[in-house]
Amino acid sequence: MTGAARWPLHPQPEAGEALSSWLIRVADAYGMTPGQLVRHNLGPASFELGDQNLSDLDMEPPPGMLEALHERTGVPRDQLASMTIAGWVPWLLDTLDPTQGTAAFETYVQQDSVILPPGRAIKRDLPIWRAWLPDRPMMRRACPRCIDDADGESAVFALASRIPLTIGCPKHGYRLEAMFGSLGAFIAWEDKDMVPTPTDPRVTAMDRRTHEGLATGTVSLPGRAVHVGAWLRLLRTLLDEVNTPTSTVRPSYRSNLQLVWQTIGRSPRAGQIRWRPYECLDWPAQQAMLHAAAAAVDLIETGRIPAAGTLAPLLHAQQHPAVYDGDPPHHRIDPAPATTVWQAAMTSIRDVIGIARQDAGTARQLLSLLTCYTPNELAYSRIRGELIETGIPSELLPTRDQAARSG
Ligand SMILES: [Zn+2]
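Residues numbered from 1 in each chain as written. Predicted model: local features only at pLDDT ≥ 70, side-chain atom pairs only at ≥ 80, totals over all residues. Heavy atoms only, no water.

Looking up the chain in an unreviewed UniProt entry gives the name TniQ family protein, with the organism given as Nakamurella multipartita.

Structure follows, in C-alpha cells:
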C-alpha cells in the first residue's frame, strides 16, 4: 500500500464524523493501527506529519495529508476538510489564530444578541481567544449507547465530541462521557463507575440542531432554515448572555436571565463569581452554560420570555428577513430570494444595513443601488468603504471589477 494508488477498500466517512475516527476505521479495514496508516502509507504526506501528535489531526492536519487521503480514497478533499476544526473556518470560528482575541470576540460573540437588546455588550480585553476552542487538549467523549452498539468494532466519533459544543449524542439522547482513547478509539471510560445519563430534552433538541448544521450546512429553526454559521453564532452569543453578570443588565432583562437559570435549577451563571469567556470555563461549568442556553432557546420559542436581540426572530415562527452569511466550504446553499425582503426593507435604510451585514444578496443590492449613477471607480470605492464602515463585511461587497465581472 504505497504510492498514490487508490486503496481498494475503505469505509466511507459518516456525517459529522471526526477525521481521526474515520482514520481508525480505515486502518481497521487493513488490519493496521491508525499510526501505521498515516505515518507510512501517505507518501510524502507521511513525512509532513513529523512528530505531530496524531490526536491533533482533528484540529488542523498538515496541508498535504488531506490531498494524499483524497487521492487514495476518492473522498472529496472538501469533505475531508470538514472532518477537522480547520475545515470549519470561518463558520465554527473566524480564525484559528488565537492572537486576534479581542477583535474575534467582538465580531463572533458581541455583534448580535438574542435575549438581551442589541448594543449591551461589555467591552472585553481578550488578547488570546478563539471561539469554541479551550486552551487545553481536545476532549475525548463518547456516547455509552454508541459504544454498546459498536459491539467491539470501532465506533464513529463526531467532530463535535472533541470540543465543548454539544452535551449529548443526538441519536440516543445520552450525555457524552469522558473516555480514555488512543487517537479517538475507545479504550475505557474515565469514570469506571459511569452510569449512562439521558440529557434534558431541551439539550437534546439543541444538540440535534448543531449536529444537523455540521452534517448538512443548514439548521432548521422555527423562523426558517439558517446557515450553520448563523446558528453557531446564535448559540455562542446566547452562551455569553446566560454568562452575563445580572448586575450589569436592566431589571426586566435581569429577571429573564434569572428565569433561565431557575428553570434548570441552578443559580445564575452556575455560581461563577469571576467572568471568564465560555472557552476558559471548566467542562462542568460549560455544561451548565450549554444547559442554560438550551433552556433559554426553549423559553424564547414557547414565548415565555421575550427576546430583544437581533437574532431572536429566528427562534419565532414568523416571517422575517433572511439570515445568510455565505457558503461553507463544502456545501453550497442557495440564499433565500432577497427581492421581497429587499422591497419590505426599503422602508428603513437601517434595516437594510442590518440585513446586509449577514446577507450577501442584500449587501450586493444595496451597493449597486447606491452606486448605479456613480461615474467612476473612486466614487464607487468611497461608497463601498462607507458601507464597510457601517459593519457590512467587505467580502459581501464586490469591488467595481468584481461587480462588472458578475454582470
Ligand atoms: Zn449515541
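What follows deals with the packing of aromatic side chains. For the coordinates displayed, the defined rule picks out three aromatic pairs. Ring geometry for Phe105 against Trp129: centres 5.1 Å apart, planes inclined by 85°, an arrangement best described as edge-to-face. One end of the pair, Phe105, is in helix 6 (residues 101–110); the other, Trp129, is in the loop between helix 6 and strand 1 (141–142), with 24 residues separating them in the sequence. Like Trp129, Phe105 is buried. On the numbers, 6.0 Å between centres and 80° between planes, the contact of Phe105 with Trp275 is edge-to-face. Linking Phe105 in helix 6 with Trp275 in the loop between helix 10 (251–263) and helix 11 (283–301), this pair joins segments that are 170 residues apart in sequence. The class of Phe105 is buried, set by a relative accessible area of 0%. Following the ring pairs from residue to residue traces out a cluster consisting of Phe105, Trp129 and Trp275. Here the guanidinium or amino end of Arg124 rests over the ring plane of Trp275, the centre of that ring lying 3.7 Å away. (Phe/Tyr/Trp six-rings, centres within 6.5 Å; stacked < 30°, edge-to-face > 60°. Helix = DSSP H or I, 4+ residues; strand = E, 2+ residues; numbered from the N terminus. Buried < 20%, exposed > 50% of the residue type's maximum accessible area, 1.4 Å probe, protein only. Lys NZ or Arg CZ within 6 Å of the ring centre and 35° of its normal.)

With that settled, consider the environment of Arg266. Mapped onto the secondary structure, Arg266 falls in the loop between helix 10 and helix 11. Residue classification places Arg266 among the partly exposed residues on the basis of a relative accessible area of 41%. In sequence terms Arg266 and Ala292 are 26 residues apart; their C-alpha atoms lie 8.8 Å from each other. The contacts of Arg266, once residues within four sequence positions are left out, are Trp261 and Ala288. (Contact = heavy atoms within 4.5 Å.)

Another point: the coordination of the zinc ion. Around the zinc ion, the protein supplies Cys143 (SG), Cys146 (SG), Cys169 (SG) and His172 (ND1) as donor atoms, at distances of 2.1 to 2.3 Å. Going along the chain, you hit the donors of the zinc ion in the pattern C-x2-C-x22-C-x2-H. Both residues of the pair, Cys169 and His172, count as buried. (Donors = N, O, S within 2.8 Å, 3.2 Å for Na, K, Ca; no water.)

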